[in-house]
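Residue-level listing of the chains:
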Amino acid sequence: MPEHTGDLRGADFHDADLTGARFRKAQLTEARFRMVDLSGVDLRDVSLVGATVWGSEIEGLRIDGVDIAPLVAAELDLRYPERAWRDATDPAGMRAAWTAIQDRWAATYERVAGMPAGTVDVSVEDEWSFAQTLRHLVFATDGWLGAVRGEARPFHPWGQPFSELEEFAGPSTELGIDPAASPPYEEVLALRADRVARVTGFLDGVTPELLAEEVVGPVWNGGRRFSVSRCLRVIFNEECEHRRFAERDLDTIAA
């Protein structure tokens, strides 16, 4: 393999395939990794002092022989009790989990309401702003609950899709989404409340038999089928994780 040396500070690696690359005596201080696959990476004699990792799949990650994933999961469960949805398999359990998740979101809304004007539109480290996060949850609900309901065009124009949507489903405009949308925060809150109410209403009438039924997933899944229970779990996961990310960014803004 060719050897690359020299000063690459500030270099931007986008859509780059570094599979099997070797880094030795390399300086990666303050490097930023976004949507990067580190599966099977071998780290030896590495300094991770001050390193921060968010939203990552770390199954099987070991540091000095210690499996890290269970430790992280246990700590997150303590900090975010609404993660109890992971254990919910029956209708009553899923309804309780949904209520717990929305109670935590209510506290986040209250926190944002007490912060300076414009906070909801601040982006931290090029991540979604708070308002965009809520719009993404609208998009996620439209996609997965729409699949459960068998809706052909479930998406609201203000939904905020994930960045790779076009790769799997084509331009967002074909789904009825307006990529230039910038609605007022008050209207975003109202739209978000409507989507939460839709999930609540669905859970109110759900049965074990319905949870076991299979449906065709959202358009970006290529026709794959999922159980209704799995679709709801995706929504629950989106709710839990994006509130966690939102709180992280609000901490940064507040500081």
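Please read all numbers here as calculations on a predicted model, not as lab measurements. (Residues numbered from 1 in each chain as written. Predicted model: local features only at pLDDT ≥ 70, side-chain atom pairs only at ≥ 80, totals over all residues. Heavy atoms only, no water.)

By size, the foremost hydrophobic cluster in this structure holds 43 residues, and its most contacted members are Phe-130, Leu-203 and Trp-220. Elements that contribute at least two residues to this core include exactly helix H2 (91-113), helix H3 (130-149), helix H4 (165-169), helix H5 (185-204) and helix H7 (228-254). Sort the elements by how many residues they give to this core and H7 lands first, with nine residues. When residues no more than four places from it in sequence are discounted, the contact partners of Leu-203 are Met-94, Arg-95, Trp-98, Leu-232 and Phe-236. (Core = buried A, V, L, I, M, F, W, Y, C linked by side-chain atoms within 4.5 Å. Buried < 20%, exposed > 50% of the residue type's maximum accessible area, 1.4 Å probe, protein only. Helix = DSSP H or I, 4+ residues; strand = E, 2+ residues; numbered from the N terminus. Contact = heavy atoms within 4.5 Å.)

Looking now at unusual backbone geometry. A negative phi angle characterises most non-glycine residues, just as the trans form characterises most peptide bonds. With a phi close to 55 degrees, Glu-125 is a non-glycine residue in the positive phi region. Here Glu-125 is to be found in the loop between H2 and H3. According to the relative accessible area criterion, Glu-125 is partly exposed, its value standing at 44%. For Asp-126, which is not glycine, the phi torsion reads 65 degrees and is therefore positive. Residue position: Asp-126 is located in the loop between H2 and H3.

Right, let's get into the packing of H2 against H7. When two helices pack together, their arrangement is given by the angle between the helix axes and the distance between those axes. At a minimum axis distance of 11 Å, the contact between H2 and H7 shows a crossing angle of 20 degrees. Of the possible angle classes, the one that applies to H2 and H7 is roughly parallel. The handedness of the crossing between H2 and H7 comes out as left-handed. Its residues assigned to classes, the contact of H2 with H7 shows twelve nonpolar, four polar and seven charged. (Axes fitted to C-alpha atoms, helices over the stretch in contact; angles between N-to-C directions. Parallel < 35°, antiparallel > 145°, perpendicular 65-115°, else oblique. Left-handed = near helix turned anticlockwise from the far one by under 90°. Nonpolar A, V, L, I, M, F, W, Y, C, P; charged D, E, K, R; others polar.)

Remember that the coordinates give geometry; whether it matters functionally is a separate question.
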